[in-house]
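Examining the three-dimensional arrangement
The chain contents come next:
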Amino acid sequence: QTKNNGLLHFDFVDKKVAKKMIEENHYSKSWYHMMGKINVGVFRDDVLLGVASYGSMKMPKSFRSLCEDIQQHEVVELNRLWIDDVLKKNAESILISKSIKLIKMYHPEIRLIQSFADGRLGCGTIYQASNFGYYGCHETEFFENVEDGRCFHEMVFHTSSRPLVITRNLEMLDNRFKKFKTRTYRYLYLIDKSLEIKHPKQDYVKEPPYKEYMDWEINV
């Protein structure tokens, strides 16, 4: 029972259900192959009103840069989070909290959760409210499709193992993209408190959304 949103129920949902909800409602409109390993939904009156979707790390081998005493399967990323507007703002932090509790109960192998806040939306206050540690930010370059607004990280254009890499490059050659940069903020939640993270934990930041378009030319 919550103060602002009434009686809520939290449970695992099928990957296909989570994928459909994210693609239809999340601002990115995107879903990638590494997503959907663990999906937790929020329900009210048996109606699914949001989902937190955890998956493998976008850069699978990067777990080694986080901590010495950890294995790849012990880390998940909170890749996508969406809540219906009928629920009040604090429903996001409640969903994150409940999903972590379910992960602890049913996935004891998970010792660390990583997530990244998109600087286009802000600096990740939802993670700060959910007791994630903040571990710094960096600038990230994206390409925005001028026809439908979809955005892609630059790596999808030159990593041959990624799906649709040829399609994306054909769109690039057809001058369908604008380039912009934003900030990406890293947050970690240590389920295993004994883990020693290589990066120094930093004080929370308060920064406004940031997106800056860049001049660029196609290097055919």
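Calculation criteria
Each chain has its residues counted from 1, following the order in which its sequence is written. Per-residue local features are limited, in this predicted model, to residues with pLDDT of at least 70; the limit for side-chain atom pairs, both in listing and counting, is 80 or more; totals at the level of whole chains, interfaces and linings are taken over all residues. Each side-chain value is derived from all of the structure's non-hydrogen atoms; neither hydrogens nor water enter the calculation. Helix and strand labels come from DSSP, where a helix needs a run of H or I of at least four residues and a strand needs a run of E of at least two; each type is numbered from the N terminus. It is over C-alpha atoms that the radius of gyration is taken, and the globule rule equals 2.2 Å times the number of residues to the power 0.38. For every residue, the accessible area (1.4 Å probe, protein chains only) is compared with the maximum for its type, and the residue is labelled buried under 20%, exposed over 50%, or partly exposed between those bounds. Using the Shrake-Rupley algorithm and a 1.4 Å probe, accessible areas are obtained, with residue cover drawn only from the displayed protein chains. A pair of strands is labelled paired if DSSP reports no fewer than 2 bridges between them. Here is how to tell: hold the view so the strands point away, follow the path from the first strand over the helix to the second, and if it runs clockwise the crossover is right-handed. Any pair of nitrogen or oxygen atoms within 3.5 Å is treated as a polar contact; in protein, a donor-acceptor pairing is required on top of that, and neighbouring residues in sequence qualify only through side-chain atoms on both sides. In this description, contact between two residues means that some pair of their heavy atoms is separated by no more than 4.5 Å. Patches were defined on residues exceeding 30% relative accessible area and lacking a salt bridge, with like-charge contacts within 9 Å and nonpolar side-chain contacts (Val, Leu, Ile, Met, Phe, Trp, Tyr) within 5 Å. Salt bridges are defined by distance alone: a side-chain nitrogen of Lys or Arg within 4 Å of a carboxyl oxygen of Asp or Glu. Positive charges are assigned to Lys and Arg, negative charges to Asp and Glu, while His and the chain termini are left out of the count. Note on charges: their place is set at NZ of Lys, CZ of Arg, CG of Asp or CD of Glu. Pairs were defined over the aromatic rings of Phe, Tyr and Trp, the Trp ring being its six-membered one, requiring ring centres within 6.5 Å. Orientation was assigned from the angle between planes: stacked under 30 degrees, edge-to-face over 60, tilted for the rest. For a lysine, the NZ atom is tested; for an arginine, the CZ atom; a charge sits over a ring if that atom is within 6 Å of the ring centre and within 35 degrees of the ring normal.

Digging into the overall build of the chain
Scanning the chain from N- to C-terminus turns up four helices and nine strands. Ordered by position in the sequence, the α and β elements of the chain form the string β-α-β-β-β-α-β-α-β-β-α-β-β. Here the C-alpha atoms of the chain give a radius of gyration of 18 Å, agreeing with the 17 Å that 2.2 N^0.38 yields for 220 residues. Viewed in the frame of its principal axes, the chain has a C-alpha envelope of about 55 × 40 × 35 Å. Expressed as a percentage of its 220 residues, the buried residues of the chain come to 48%. For the chain, the accessible surface area stands at approximately 12400 Å², while carbon and sulfur atoms represent 50% of it.

What about the pairing of strand β5 (residues 112-118)?
Counting buried positions over the seven residues of β5 gives six, a clear majority of the element. Note: strand β4 (residues 75-83) against β5, three bridges, orientation parallel. Paired with Glu-77 across the strands is Gln-114, a residue of β5. On the question of chirality, the crossover connecting β4 to the parallel β5 by way of helix α2 (residues 91-106) is right-handed.

Some words on the side chain of Gln-128
Checked against the element boundaries, Gln-128 lands in helix α3 (residues 125-129). Here the side chain of Gln-128 touches Lys-206 through a polar contact of 3.0 Å, side chain to side chain. Leaving out residues up to four positions away in the same chain, Gln-128 has contacts with Cys-123, Tyr-187, Tyr-204, Val-205 and Lys-206.

A look at a positive patch on the surface
Taken together, Lys-98, Lys-101, Lys-104, Lys-193 and Lys-201 make up a surface patch of like positive charges. With respect to the helices, strands and loops of the structure, Lys-104 is situated in helix α2.

Let's talk about unusual backbone geometry
In this model, Lys-29 sits at a positive phi of 55 degrees, which is unusual for a non-glycine residue. Assignment of secondary structure puts Lys-29 in the loop between α1 (15-25) and β2 (38-44). A positive phi angle, near 55 degrees, is found at Asp-45, a position not held by glycine. Note on Asp-45: relative accessible area 70%, which makes it exposed.

A word on the pattern of salt bridges
Overall, the coordinates contain 10 salt bridges when judged by the stated rule. When the shortest N-O distance is used, the salt bridge between Lys-20 and Glu-24 registers 2.8 Å. With a gap of four residues between them, Lys-20 and Glu-24 both fall in helix α1, about one helical turn apart. Arg-111 serves as the salt-bridge partner of Asp-69, at 3.4 Å between the closest nitrogen and oxygen. Remark: Arg-111 occurs in the loop between α2 and β5 and Asp-69 occurs in the loop between β3 (47-55) and β4; sequence separation between them is 42 residues. The class of Asp-69 is exposed, set by a relative accessible area of 52%.

Quick notes on the packing of aromatic side chains
Applying the stated rule across the entire model yields nine aromatic pairs. Cluster of aromatic residues (ring-pair linked, three or more members): Tyr-127, Phe-132, Tyr-134, Tyr-185, Tyr-187 and Tyr-189. It is Arg-183 that lies over the ring of Tyr-210; its NZ or CZ is 4.2 Å from the centre. If you follow Lys-211 out to its NZ or CZ, it ends over the ring of Phe-180, 4.7 Å from the centre.

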